[in-house]
There are 2 protein chains.
Amino acid sequence: MTEPAYVSIAGEYARRIRSGGLPAGAQLPSYAEIAGRHDVSDIVVRKAIELLLRQGLVRSIRRRGIFVTDRPNLVRISPERQLEDPEATFGNESGRQVQVDRDTKRVAVTGELAATFGLSAEDDVLYTVTRVSEVGRPVSISDTYQPVDIEDTSSATVLEETVSDQLPRSAHAEWLRTTPGELVKTVRQRFLAPDDKAILISDVSYPRDRYDSFVFRMNLSPE
Amino acid sequence: MTEPAYVSIAGEYARRIRSGGLPAGAQLPSYAEIAGRHDVSDIVVRKAIELLLRQGLVRSIRRRGIFVTDRPNLVRISPERQLEDPEATFGNESGRQVQVDRDTKRVAVTGELAATFGLSAEDDVLYTVTRVSEVGRPVSISDTYQPVDIEDTSSATVLEETVSDQLPRSAHAEWLRTTPGELVKTVRQRFLAPDDKAILISDVSYPRDRYDSFVFRMNLSPE
DNA sequence: AAGTGGTCTAGACCACGTG
DNA sequence: ACGTGGTCTAGACCACTTG
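None of the values given here were measured: they were computed from a predicted structure. (Residues numbered from 1 in each chain as written. Chains lettered and ligands numbered in written order. Predicted model: local features only at pLDDT ≥ 70, side-chain atom pairs only at ≥ 80, totals over all residues. Heavy atoms only, no water.)

Once that is clear, we can look at the interface of chain B and chain A. Each side of the interface is counted separately: chain B has 45 residues, and chain A has 45 residues. Taking both partners together, chain B and chain A bury about 3,900 Å²; carbon and sulfur atoms supply 57% of that area. At the boundary of chain B and chain A, one finds 6 salt bridges. For the pair chain B and chain A, the number of links is 10 residue pairs in polar contact (both at pLDDT 80 or more). Elements that contribute at least two residues to the side of chain B that touches chain A include exactly helix 1 (5–18), helix 3 (42–54), strand 7 (158–166), strand 8 (184–192) and strand 10 (214–219) of chain B. Ranked by residues supplied to the side of chain B that touches chain A, first place goes to strand 7 of chain B with 9 residues. Tallied by class, residues from the side of chain B that touches chain A come to 21 nonpolar, 11 polar and 13 charged. Looking at chain direction, strand 10 (residues 214–219) of chain A and strand 7 of chain B are connected through 6 bridges and run antiparallel. Note on strand 7 of chain B: the bridge partner recorded for F216 of chain A is E161 of chain B. (Contact = heavy atoms within 4.5 Å. Buried area = accessible area lost by both parts, 1.4 Å probe. Salt bridge = Lys/Arg side-chain N within 4 Å of Asp/Glu carboxyl O. Polar contact = N/O pair within 3.5 Å; in protein donor to acceptor, adjacent residues only side chain to side chain. Helix = DSSP H or I, 4+ residues; strand = E, 2+ residues; numbered from the N terminus. Nonpolar A, V, L, I, M, F, W, Y, C, P; charged D, E, K, R; others polar. Pairing = 2+ DSSP bridges.)

Have a look at this one:
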């Protein structure tokens with residue numbers, strides 16, 4: 001049982017990138033050229049490059065080429081309090097200019113959210129859209145929900161974050177300027193009160209090409 | 001500018017799965033059948049299914065079919081102290097039987113590790129391989145490194161975890177029984193002492209089809 | 001004008017599970 | 001024997017960037 005051609009080609013480039021033989025910003029040969037070198041068809045090369053893309057090792061720019069990613073990429077330090085101080089979260093570590101734009105509305109709660117908050121269907125929640133950008137480039141966009149009767153969201157004692165890859169909602173895709181079919185990193189944040197009830201929920205989307213690795217930094221409290 | 005066919009097909013199935021119209025365990029129609037229904041070729045269907053796979057919504061079983069994932073899948077709760085009490089980490093939440101196998105050697109430090117630990121090239125580190133399985137099925141495998149002169153690894157106060165998708169090292173792929181070309185979730189754990197020096201580093205691999213979502217649970221300490 | 005990546009087609013072989 | 005997903009080929013058109 002031997003490994004498929006696209007795996008070995010991807011492995012070869014992955015090794016060269018990680019070892020530094022192919023430095024950040026370097027352009028890979030075109031599909032046709034790699035195909036010729038390895039004596040395979042270009043569709044095999046496409047599958048290989050796709051593996052590299054999924055690992056965040058390279059980025060594709062349409063009609064220009066495939067380029068080795070600048071790494072380490074932006075790093076996301078958790079816990080991150082998007083609603084309270086996104087400026088601090090992003091600004092501190094990068095020292096770069098960050099813009100935050102926020103819209104809040106009062107909306108009726110939908111089925112799934114009602115359950116997590118323990119509300120009935122007629123209740124309202126506060127719905128906030130937060131868009132973060134850095135010198136014009138989109139960094140993240142989030143949908144935040146909280147019950148209207150909660151005054152103090154800082155009473156949360158536990159933050160639970162769930163990371164996954166998803167097809168973005170169209171509003172998110174538009175803001176992040178992702179291409180159709182491109183997956184985004186999604187973090188669902190749940191801020192929990194001491195009684196383990198959720199008091200704030202936020203779905204944050206990040207473009208994959210800026211955050212290919214996520215860092216969580218946690219304090220270890222003695223128990 | 002309209003979205004590609006494979007995106008809309010993937011979106012349609014994603015919606016039906018998330019809404020419950022296609023319950024967990026249900027089998028999707030074959031490539032040929034979906035292709036016929038949407039009047040496209042099967043390669044378009046393959047790209048669509050691949051998007052669903054990457055989102056963890058479906059699983060592919062060779063020569064059987066594509067099946068809707070049981071969700072929520074296993075959930076990884078962080079902070080996780082693999083080396084100290086993996087039984088507790090996994091056992092507590094699932095209530096299932098977990099087996100842990102551990103091998104420790106003393107090895108010479110390599111370049112990259114020497115830098116993170118601040119050691120010179122002749123120094124040794126403790127190298128531990130930890131394999132975790134659950135009723136015969138592999139759950140995770142990790143490579144752990146720590147300097148030999150550190151007695152008490154529980155003095156760490158901060159845990160930093162970096163999550164990424166990677167092609168597994170062959171030892172990891174073998175234990176997790178992944179197919180060639182299949183990416184695994186990798187978590188690099190760095191346990192830091194109060195002076196911010198790393199005192200233990202661990203690279204943990206998880207099969208994607210068991211952990212499609214990662215959960216981090218953090219205590220919010222007032223500052 | 002030439003080259004690029006993105007999308008799509010039609011067809012093929014394989015190894016293996018299912019009837 | 002048939003259907004399945006996995007791999008691979010050869011070819012095509014498009015929209016756009018680069019020289």
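Alright, that's what it looks like, and here's the rest.
Turning next to the domain arrangement of chain A. Domain annotation of chain A identifies domain 1 (5–68) and domain 2 (94–217). Computed over C-alpha atoms, the centres of domain 1 of chain A and domain 2 of chain A are 34 Å apart. (Domains from an automatic or database assignment.)

Between chain B and chain A, the superposition needs a rotation of 180 degrees and an axial shift of 0.1 Å, giving an RMSD of 0.1 Å. The transformation relating the two chain copies, once decomposed into turn and shift, fits a two-fold axis. Residue M218 of chain B of chain B places its C-alpha closer to the rotation axis than any other residue of that unit, at 3.3 Å. Comparing contact sets, 100% of the residues at the interface of chain B also lie at the interface in chain A, consistent with an isologous, same-surface contact. (Least-squares fit on C-alpha atoms with pLDDT ≥ 70 in both.)

Here the focus is unusual backbone geometry. Residue and element names in this part refer to chain A. In this model, R177 sits at a positive phi of 55 degrees, which is unusual for a non-glycine residue. Its place among the elements puts R177 in the loop between helix 6 (170–176) and strand 8 (184–192). Even without a glycine there, the phi angle at D196 is positive, about 70 degrees.

Okay, the packing of helix 2 (residues 31–38) of chain B against helix 3 of chain B next. Residue and element names in this part refer to chain B. Here helix 2 crosses helix 3 at 110 degrees, and the two axes come no closer than 8 Å. Overall, the two elements helix 2 and helix 3 adopt an arrangement that is roughly perpendicular. Each of Y31, I34 and A35 in helix 2 lies in contact with helix 3, whose residues at this interface are D42, V45, R46 and I49. Residues of the contact of helix 2 with helix 3, tallied by class, amount to 5 nonpolar, no polar and 2 charged. (Axes fitted to C-alpha atoms, helices over the stretch in contact; angles between N-to-C directions. Parallel < 35°, antiparallel > 145°, perpendicular 65-115°, else oblique.)

This next bit is on the environment of P194 of chain A. Residues and elements named next belong to chain A. With respect to the helices, strands and loops of the structure, P194 is situated in the loop between strand 8 and strand 9 (198–207). Using a relative accessible area of 66% as the deciding quantity, one classes P194 as exposed. A sequence separation of 36 residues divides P194 from V158, and the C-alpha atoms of the two residues are 7.6 Å apart. P194 has contacts with S155 and T157, leaving out every residue within four places of it along the chain. (Buried < 20%, exposed > 50% of the residue type's maximum accessible area, 1.4 Å probe, protein only.)

Moving on to the protein's contact with DNA strand D. In the neighbourhood of DNA strand D, 18 residues make up the surrounding shell, with A5, S41, I43 and V44 of chain A together with S60 of chain B lying closest. Here a phosphate oxygen of DNA strand D and a side-chain polar atom of Y31 of chain B are 3.2 Å apart. Counting residues per element, the ones that place at least two in the surface near DNA strand D are helix 1 (5–18) and helix 3 (42–54) of chain A together with strand 2 (65–68) of chain B. The biggest single contributor to the surface near DNA strand D is helix 3 of chain A, with 3 residues. A class-by-class count of the residues in the surface near DNA strand D yields 8 nonpolar, 4 polar and 6 charged. (Near = heavy atom within 4 Å.)

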